[in-house]
Amino acid sequence: MISSAADAGGPGPRRDARRALSRRVRLPLPASDPGLLRLTAALRTVLSVGLTLAVLALLGVPLRIQVTGAMAALISTIAVSETRLRDQAVTLALGLPVAGATVAAGTALAPHRIAADTVFVLVIFGAVYVRRFGLRGKALGMIAFQMFFIAQFVQVESARLAQVGLALLVAFGCGALVRFGLLRVTPEQTLDLLMGSFRTRLRQAVGAMAALAEAAERDGPAGESNGPAVYPGAAASGKPAAPATPAGGGPDGTGRERAERRLRQRIVRLHEGALMIQDRLEDSTPDASTAEAVQRRIAGMEVTAERLAAVLLDGERPPHTPLVTVRLRELYEAVGRDWLQKRTPVGLAHVRDRLLGYRENENLTGLPTGDQEALRAMGELAFSVLGLRVALGAADGDDENDSPRTRQYREELETEELSRRAESGLRAESRPDAEKTPEGRGASGGTRRRDGDGGPESEPQEEDEGTAEPGGLRRPSTRTAFQVTVGSAMAIVGGELLSPQRWYWAVLTCWVVFLGTASTGEILVKGYRRLAGTAVGVVAGAGLTGLVAGHTGVSFALILFCVFAAFYFAPVSHTLTSFFMTAMLGLLFTLLNTYSRDIFVLRVEETAIGVVCGLTAALLVLPIRTAEHTDELLRTVLERLSDVTQEAVRRLSGERPGVSGGAPPGTRGATVAPPVPGAGDGSGASASVPSVPSAHTVDLLEAARELDDALDGLRSAVQPLTHPVSPLRSRSQTARYVVALLDSAAYHARGLAAVAEQLTGDSRITPDPRVAAAAGRLTRNLRTLTRSLEEPEEQRDEALLPGSDTLTIAVIDHPSRSPVGSRVARHIHRLDEIVIGLAEPLGVRVEGARGAGGAAGAAGEAAAG
């Protein structure tokens, strides 16, 4: 693929490693479980528990000791979540003495209720407090809490502590055997599996596009677009207040509307898959240059797929002909076969060559207007796939079936990779040594991950002075530690008043509702889901215990099934997890000969006490209101959006990464944002875009990823407001509207970033003063919105600068002669309108606004575009 010039080590190890990334996945993988991560986690848990039970049974230890060992195997398996196997081994080794100490303390103190409760509260505080030390601290804290809890649950006699220690050794040993032997999964293998799932999701998205094209031909042209089209989260966060009209000429347009909904869902899932790949690249590729190349190509594929979907969903475009449907079907078949593997079949090579030809304007001349943009987007998607193959080293041997033009594209991509690798090497040499060491990535050496327990304390701390985490009681891990401790103390008292034997269920519930939550609203929603799952699980558990009574083997098998199901569905539904765990408890009580109908009722009551105590502590102890939390996250999203937009526009002006304040020596053209007052837009705004200081280089791909992370956090934080049972209907609609607009803004920001990343070296677009003015106005308006959230009382008189109709002219000026420039102008134009649309729900005035309805309508149109 690439000669050894960029590798400085010959075409050997690094090249072979990159090529190996493309050889492992041979079959499309399920799109519902990207990378088989949920299946792997569930299987690993079940195998660890089952193997532990088998070994302990062979050793002849009592049943209660077997249960202790099985629970220890479960906890040690789910608690360790680092990416690298080496880090997992260290955490597992440290977890064994922690587990031994806490279970010994819990067993010894069990007869002394007051002392045991006091120590338990201290253990809870420490377990939450150490989350600040990253994934390893979080794992050790979870092991400490859960093992003390298990000691209270099983109630083993102190005389059997030696057997308990043996059970722990067996549990951790069996867990290590499964993790590092029977079910060993390296970061590289996980990335391969994620790539396979991404290909499946891409194929599903293209199939949905073809289905929509066929529905459009059958039902006729669409009416007005009814909401945001393709950006991530639109399906979950709701639609802007845009008018909804029937989208087809058939009976109520139902066929087309159904196809549109399916396409939006497919694009959202594609975006999620891309983010999961990007999160694991650093630890799963042979070098940083390969990680950067793959991240750039994956982002390019995602953006081009989104753009193709946006073209098909846009009801204002001229209708397309059957040619588009035919080409979409060809693209669907091509993506579904060998495009992301090492070899490309001869027939598909011709399909790829034909699609790549649509990148050239001369190949679109004479085609219907409604077809041109869709075909051009297909060509860009084919080019992105070819770029990914080059980045993975999978394109070697393809060129014998290529057309001369395709061969030229490949050579350009290989040359670009060489150039970028050389620039990356120079930047790496200029960085301080501290930034190159693995220790710079956090205590556990891992990268940022979406593990369901998000929060600042679960991520490596790589923060500059401007984003440093607050100290003292404002630190998230410290605040949560006090909240959980107070809530657990209340749960202990309330639980013991209800049942001196089963009080720990209330404490466990209080602990769980604080995991992955950051506001009182999130705690309320999670508590509601846990209580609902527990109540339904009680019914199922009662039925199962009646069926399996007296059948120990069947009970163990069903317990293992419940464990598998609980952890398979854990990332997607806390209600299902609670359901299966409650059903498992019923089976476990049957094995322990302690089952009764009343115990299930007690389970529901203790769970309710835990939810109430957790919510009370969140309201009274260092509270973080949902409104405060969402405002903080909204500020972060707006700041990240501004970072991406500024850096993308700066690069599109011709500046190289890391250079600020004008074009670097040797480049052609001026910056895209010269100080042109107003530039004919009537706003009087300066068009200058604040440059990025040279001391702080902005990684555009990383900035776009941080924008997606921030938006994911905001989307999760507003769930209490958008939940169906929320009584705050007005705030719910506002939250849905704002998140939908930000979803659309993130799509356009990613589009800008993708275009900027594709332009390398001296490549640039021709500066347009109207676009420059809009970019400057956009930056200024984002800054105004951010300040209005920080100090709302002091910013009432500050208003947003209105948009300009002259930018629309820049969007449509000669699109055939400058498709890239037109695309950039369109993205900035839409961002400009969306930011203006955010003014009304955020309570910010717009100078000379047409009125609230006009701003909202323009924002709805921008989101739909």
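Since we're looking at a predicted model, the values are computed, not measured.

A. Up close: the overall build of the chain. When its secondary structure is counted, the chain shows 31 helices and two strands. Counting across all 865 residues of the chain, residues that qualify as buried make up 56%. Taking contacts inside the chain between residues at least 6 apart in sequence as the whole, the part at least 24 apart equals 79%.

B. Quick peek at the packing of helix α20 (residues 552–568) against helix α21 (residues 574–591). For the pair α20 and α21, interaxial distance at closest approach is 9 Å and the crossing angle is 160°. When the axes of α20 and α21 are compared, the pair comes out roughly antiparallel. Every pair of crossing elements has a handedness; the one defined by α20 and α21 is left-handed. Where α20 approaches α21, its residues Thr552, Ser555, Phe556, Leu558, Ile559, Phe561, Cys562, Val563, Ala565 and Ala566 are matched on the opposing element by Thr577, Phe580, Met581, Ala583, Met584, Leu587, Leu588 and Leu591. Looking at the contact of α20 with α21, its residues break down into 15 nonpolar, three polar and no charged.

C. How the structure looks around the packing of helix α11 (residues 288–313) against helix α14 (residues 369–392). Relative to each other, α11 and α14 sit at 165°, their axes nearing to 9 Å. The angle between the axes of α11 and α14 places the two elements in the roughly antiparallel class. Like other packed secondary-structure pairs, α11 and α14 cross with a definite hand, here left-handed. Residues Thr290, Ala293, Val294, Arg297, Ile298, Gly300, Met301, Thr304, Ala305, Arg307, Leu308 and Val311 of α11 lie in contact with α14, whose contacting residues are Glu373, Ala374, Ala377, Met378, Glu380, Leu381, Ser384, Val385, Gly387, Leu388, Ala391 and Leu392. Classifying every residue of the contact of α11 with α14 gives 15 nonpolar, five polar and four charged.

D. Structural detail: the nonpolar core. Ranked by size, the top nonpolar core spans 84 residues in total, and within it Phe120, Phe145, Met147, Val507, Trp511 and Phe514 carry the most contacts. Beyond its immediate stretch of four places on either side in the chain, Phe120 contacts Phe145, Phe148, Phe149, Ile492, Trp503 and Val507. Counting 57 residues, the second largest nonpolar core, distinct from the first, contains Leu328, Leu355, Ala374 and Leu375.

E. The environment of Val484, seen in detail. The topology assignment puts Val484 in helix α17 (residues 476–498). Separated by 355 residues in the primary sequence, Val484 and Tyr129 have C-alpha atoms spaced 10.0 Å apart. If sequence neighbours within four positions are ignored, Val484 has contacts with Ile124, Val128, Cys510, Trp511 and Phe514.

F. Focus on unusual backbone geometry. Positive phi, normally seen in glycine, also occurs at Leu36, with a value near 55°. Position of Leu36 among the secondary structure elements: in the loop between α1 (13–20) and α2 (37–59). The backbone of Gln155 sits at a positive phi, close to 60°, despite the residue not being glycine. On the secondary structure map, Gln155 appears in the loop between α6 (134–154) and α7 (161–182).

G. The arrangement of the pattern of salt bridges in detail. Using the criterion set out here, one finds 25 salt bridges in the structure. Between Arg715 and Asp743 there is a salt bridge, with its nearest N and O atoms 2.5 Å apart. Note that Arg715 is positioned in helix α24 (residues 700–717) and Asp743 in helix α26 (residues 729–758), a separation of 28 residues in sequence. Across this residue pair, the class does not change: Arg715 and Asp743 are buried. Connected through shared salt-bridge partners, Glu82, Arg84, Asp87 and Arg136 make up one network.

H. Local environment of the packing of aromatic side chains. Overall, the coordinates contain 16 aromatic pairs when judged by the stated rule. With 6.0 Å between their ring centres and 75° between their planes, Tyr504 and Trp505 make a pair best called edge-to-face. With a relative accessible area of 0%, Tyr504 lands in the buried category. Linked through ring pairs, Phe120, Phe145, Phe148, Phe149, Trp503, Tyr504, Trp505, Trp511 and Phe589 together constitute an aromatic cluster. The ring of Phe383 has Arg359 lying over it, and the distance from NZ or CZ to the ring centre is 3.8 Å.

I. Just helix α18 (residues 504–513), in detail. When you tally the buried positions in α18, you get ten out of ten residues, the bulk of the element. Three or more residues of α18 are buried, namely Tyr504, Trp505, Ala506, Val507, Leu508, Thr509, Cys510, Trp511, Val512 and Val513. Turning to α18, the residues buried within the fold contact α5 (113–129), α6, α17, α19 (520–548), α21 and α22 (597–620).

J. Representation of α2. Its 23 residues place the ends of α2 33 Å apart at the C-alpha level, agreeing with the 33 Å of an ideal helix rising 1.5 Å per residue. Along α2, the positions that sit buried rather than exposed are Arg38, Thr40, Ala42, Arg44, Thr45, Val46, Ser48, Val49, Thr52, Leu53 and Leu56. Elements that come into contact with the buried residues of α2 comprise α3 (63–79), α7 and α20. Positive backbone phi, at 75°, marks Gly60, one or two positions downstream of α2.

K. Examining the environment of Ala566 more closely. Residue placement: Ala566 occurs in helix α20. Taking the C-alpha atoms as reference, Ala566 lies 7.8 Å from Phe579; in sequence the two are 13 residues apart.

L. Geometry of the side chain of Arg650. Secondary-structure assignment places Arg650 in helix α23 (residues 626–652). Of note is the side chain of Arg650, whose polar atom sits 2.6 Å from the side chain of Glu647.

M. Layout of the confidence of the model for the chain. For the chain, per-residue confidence averages 76 on the pLDDT scale, and 73% of positions sit at 70 or higher. Within the model, pLDDT remains below 50 along residues 223–252, and this stretch shows 91 contacts once partners closer than five positions in the same chain are excluded. This model gives residues 658–696 a pLDDT under 50, and the stretch forms 83 contacts once residues within four places in sequence are excluded.

N. Region of interest: the environment of Phe153. Along the chain, the position of Phe153 falls in helix α6. For the pair Phe153 and Gly106, spaced 47 residues apart in the sequence, the C-alpha separation amounts to 9.8 Å. In contact with Phe153, not counting residues within four places along its chain, are Tyr504, Leu585, Leu588 and Phe589.

Conventions used here
- Residues numbered from 1 in each chain as written.
- Predicted model: local features only at pLDDT ≥ 70, side-chain atom pairs only at ≥ 80, totals over all residues.
- Heavy atoms only, no water.
- Helix = DSSP H or I, 4+ residues; strand = E, 2+ residues; numbered from the N terminus.
- Buried < 20%, exposed > 50% of the residue type's maximum accessible area, 1.4 Å probe, protein only.
- Contact = heavy atoms within 4.5 Å.
- Axes fitted to C-alpha atoms, helices over the stretch in contact; angles between N-to-C directions.
- Parallel < 35°, antiparallel > 145°, perpendicular 65-115°, else oblique.
- Left-handed = near helix turned anticlockwise from the far one by under 90°.
- Nonpolar A, V, L, I, M, F, W, Y, C, P; charged D, E, K, R; others polar.
- Core = buried A, V, L, I, M, F, W, Y, C linked by side-chain atoms within 4.5 Å.
- Salt bridge = Lys/Arg side-chain N within 4 Å of Asp/Glu carboxyl O.
- Phe/Tyr/Trp six-rings, centres within 6.5 Å; stacked < 30°, edge-to-face > 60°.
- Lys NZ or Arg CZ within 6 Å of the ring centre and 35° of its normal.
- Expected span 1.5 Å × (residues − 1).
- Polar contact = N/O pair within 3.5 Å; in protein donor to acceptor, adjacent residues only side chain to side chain.
- pLDDT = per-residue confidence, 0-100.

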